[in-house]
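Structure at a glance
Each chain, written out:
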Amino acid sequence: LKNLAQSSYAHANKIGFSKEQEILLFYTTKDRELIYNLKTNEEIVKLPLDSKVAFSTEDKYIACIEQRKFKSIINIYSIIEDKIIDEYVLEHKMHDWVHHVGFKAKDSYLVLRMDEDIYVMELESN
């Protein structure tokens, strides 16, 4: 948080938790966005500006969405395995961005809402 306070521009976006219940902070600086572990002082994931992030309800995953001109790239980061475990690419019209993202049913599904479409992606088999 000291680094955030010292920055000329920084904005905290969301807070999540690691498998050891360490606080993970998703924040924006003037030139990038990142997810940072406050206890270990480590950057978990670096992202370009205008990214979307969702922390799972069961502290298993982080969904990182990079918005590009004609596609959105969704990376699923496993908090337990400490790595990206899956990637999806959604092609769309120029301004058809992902507006909302979240995990449902005890992290079994990732739900994305774009302008006119809703996507449900299965993450775990029941």
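Notes on the structure in this doc start here. (Residues numbered from 1 in each chain as written. Predicted model: local features only at pLDDT ≥ 70, side-chain atom pairs only at ≥ 80, totals over all residues. Heavy atoms only, no water.)

1. As for the overall build of the protein chain
A count of helices and strands for the protein chain gives one helix and 11 strands. What you see in the protein chain, going N to C, is helices and strands ordered as α-β-β-β-β-β-β-β-β-β-β-β. Within the protein chain, buried positions represent 40% of all 126 residues. Pairs at least 24 residues apart make up 27% of the contacts formed inside the protein chain by residues separated by at least 6 positions. In the structure as shown, the protein chain presents an accessible area of about 7,700 Å², 49% of it carried by carbon and sulfur atoms. (Helix = DSSP H or I, 4+ residues; strand = E, 2+ residues; numbered from the N terminus. Buried < 20%, exposed > 50% of the residue type's maximum accessible area, 1.4 Å probe, protein only. Contact = heavy atoms within 4.5 Å. Areas by Shrake-Rupley, 256 points an atom, 1.4 Å probe, with all protein chains shown as cover.)

2. Topic: unusual backbone geometry
Of note, Asp 50 is a non-glycine position whose phi angle comes to about 65 degrees, a positive value. Among the residues examined, Asp 50 registers a relative accessible area of 63% and is labelled exposed. A positive phi angle is found at Asp 107, which is not glycine, with a value near 70 degrees. With respect to the helices, strands and loops of the structure, Asp 107 is situated in the loop between strand S9 (100–104) and strand S10 (109–113).

3. Regarding the pairing of strand S2 (residues 23–29)
With six of seven residues buried, S2 is to be regarded as a mostly interior element. Where strand S1 (residues 10–17) and S2 come together, seven bridges link them in antiparallel fashion. Residue Phe 17 lies in a different strand from S2, and its bridge partner there is Ile 23. Between S1 and S2, which pair antiparallel and follow one another directly, the connecting turn spans five residues, one of which, Gln 21, has a positive phi of 65 degrees. (Pairing = 2+ DSSP bridges.)

4. Examining the sheet that holds S10
Taken in spatial order, the three strands make up an open sheet running S9-S10-S11, and their pairing is antiparallel. At either end of the open sheet lies a strand with only one pairing partner, and these are S9 and strand S11 (118–122). Direction aside, neighbouring strands of the sheet carry axes that sit 20 degrees apart on average. In this sheet, S10 lies alongside S9 in antiparallel orientation, the contact comprising five bridges. Bridge assignment links Lys 104 to a residue of S10, and that residue is Tyr 109. (Axes fitted to C-alpha atoms, helices over the stretch in contact; angles between N-to-C directions.)

5. A closer look at the packing of aromatic side chains
The full count for this structure, using the stated rule, is two aromatic pairs. Their ring planes at 75 degrees and their centres at 6.4 Å tell us that Tyr 27 and Tyr 36 sit as a pair that is edge-to-face. Residue classification places Tyr 27 among the buried positions, given a relative accessible area of 9%. (Phe/Tyr/Trp six-rings, centres within 6.5 Å; stacked < 30°, edge-to-face > 60°.)

6. Details of the sheet that holds S2
The four strands lie next to each other as S1-S2-S3-S4, forming an open sheet whose pairing is antiparallel. Edge positions in the sheet fall to S1 and strand S4 (42–47), since each has one partner strand and no second. The sheet shows a mean angle of 20 degrees between the axes of neighbouring strands, taken without regard to direction.

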